[in-house]
Each structure stands twice: as structure tokens, then as C-alpha cells.
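Take a look at the letters that make up each chain.
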Amino acid sequence: VGYTGRSALFRVGISGGFAPVTCQWRKDGAVVVGAESAECWLHDVTFADAGLYSAEVSDGHTDVLETRHAELTVIQGVPAASAGILALLAFMGILLASRSRRKT
């Protein structure tokens, strides 16, 4: 799950083969430009980033291997500053509620 405005990360473990090993990430079958390492970072996620992600790994000497697909579902996120303020307000609400219970 990814949240709008936040970052998402896909990672694949690569071992064996002959150097150099290459990796190319794909989204819904299309190449993700610039995603050519074991990690695929998506920054400032939007609803357009939702889809099926996979990586093609090759050592240039054997067949190209493709990972299983991982689905990214994107939901509306709360900006980090707002999340902190909401947490503080929730904490203050708990304190006020506990104080009002003590008076009765």
C-alpha cells in the first residue's frame, strides 16, 4: 500500500550469475525509466503509480529472469505535518477525557 505524497519502495534480492548483473523495473509491463537497480523508489506517490511492479534481472550470459508481480495500491495519504497535529490533538483529547472522568 502506498500513500499519496509519500514514498514507496520495491526491492529484489539478487545473487549468483556472472557480473555485471543488471536489473530493470517494470510497471504494468512498461519500463520504469531510471529504475535500474535492486531497489525501485517511487517518490511523491500519486494514484497514477498504482499497478503491478516486477523486475527483470540478467547477467548477460543466461536467460532474463522476471520476478513475480507486486501490486501497489495507492490511497489518499495524510501529510506528515497533519498526521503529527492529529496525533497531538488525539492525545490532548484523551487527557481532557480522563480529567473530566475524574471530576465526576
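About the cut-offs
- Residues numbered from 1 in each chain as written.
- Predicted model: local features only at pLDDT ≥ 70, side-chain atom pairs only at ≥ 80, totals over all residues.
- Heavy atoms only, no water.
- Helix = DSSP H or I, 4+ residues; strand = E, 2+ residues; numbered from the N terminus.
- Buried < 20%, exposed > 50% of the residue type's maximum accessible area, 1.4 Å probe, protein only.
- Contact = heavy atoms within 4.5 Å.
- Areas by Shrake-Rupley, 256 points an atom, 1.4 Å probe, with all protein chains shown as cover.
- Patch = residues over 30% accessible without salt bridge, like charges linked within 9 Å, V, L, I, M, F, W, Y side chains within 5 Å.
- Salt bridge = Lys/Arg side-chain N within 4 Å of Asp/Glu carboxyl O.
- Disulfide = S-S within 2.5 Å.
- Core = buried A, V, L, I, M, F, W, Y, C linked by side-chain atoms within 4.5 Å.
- pLDDT = per-residue confidence, 0-100.
- Phe/Tyr/Trp six-rings, centres within 6.5 Å; stacked < 30°, edge-to-face > 60°.

Topic: the overall build of the chain
Part 1 of the argument: Within the chain, the secondary structure is distributed over 1 helix and 9 strands.
Part 2 of the argument: Helices and strands appear in the chain in the N-to-C order β-β-β-β-β-β-β-β-β-α.
Part 3 of the argument: Out of the 104 residues in the chain, the part that is buried amounts to 23%.
Part 4 of the argument: In the chain, of all internal contacts separated by at least 6 residues, the share reaching a separation of at least 24 is 61%.
Part 5 of the argument: Total accessible area on the chain stands at roughly 7500 Å², and carbon and sulfur atoms take up 60% of it.

A word on a nonpolar patch on the surface
Part 1 of the argument: A cluster of nonpolar side chains, namely V1, Y3 and I75, defines an oily patch on the protein surface of about 290 Å² accessible area.
Part 2 of the argument: You can see V1 is positioned in the segment before strand 1 (2–3).
Part 3 of the argument: Relative accessible area serves as the criterion here: at 69%, V1 is assigned to the exposed category.

Some thoughts on the state of the cysteines
Part 1 of the argument: If you walk through the whole model with that rule in mind, you get 0 disulfides.
Part 2 of the argument: Considering cysteine sulfurs only, C40 is the nearest to C23, which forms no disulfide, with 8.6 Å between them.
Part 3 of the argument: The exposure class of C23 is buried, given its relative accessible area of 6%.
Part 4 of the argument: Assessed through its relative accessible area of 1%, C40 is described here as buried.

Considerations on the nonpolar core
Most often, soluble globular proteins keep nonpolar side chains buried together rather than apart.
Part 1 of the argument: Ranked by size, the top nonpolar core spans 15 residues in total, and within it F10, W25, C40, L42 and L72 carry the most contacts.
Part 2 of the argument: For this core, the secondary structure elements donating two or more residues are strand 2 (8–11), strand 3 (22–27), strand 5 (39–42) and strand 6 (51–58).
Part 3 of the argument: A total of 3 residues in this core trace back to one element, the largest contributor, which is strand 6.

Things to note about the confidence of the model for the chain
Part 1 of the argument: Across the chain, the average pLDDT comes to 81, with 74% of residues at 70 or higher.
Part 2 of the argument: Summarising per-element confidence for the chain, the mean pLDDT is lowest in helix 1 (residues 80–103) (55) and highest in strand 4 (residues 30–31) (97).

Concerning the packing of aromatic side chains
Part 1 of the argument: As enumerated under the stated definition, the model contains 2 aromatic pairs in all.
Part 2 of the argument: Seen in terms of ring centroids, F10 and W25 are 6.1 Å apart; in terms of plane orientation they differ by 35°. Their pairing is tilted. Highlighted residues: F10 in strand 2 and W25 in strand 3, separated in sequence by 15 residues. Across this residue pair, the class does not change: F10 and W25 are buried.
Part 3 of the argument: Plain terms: the ring middles of F10 and Y53 are 4.6 Å apart, the flat faces sit at 20° to each other, and that makes the pair stacked.

Comments concerning the environment of D44
Part 1 of the argument: As for its placement among the helices and strands, D44 is situated in the loop between strand 5 and strand 6.
Part 2 of the argument: Note on D44: relative accessible area 54%, which makes it exposed.
Part 3 of the argument: Through-space distance from the C-alpha of D44 to that of S7 is 5.7 Å; in sequence the pair is 37 residues apart.
Part 4 of the argument: The contact partners of D44, leaving out residues within four places of it in the chain, are G5, R6 and D49.

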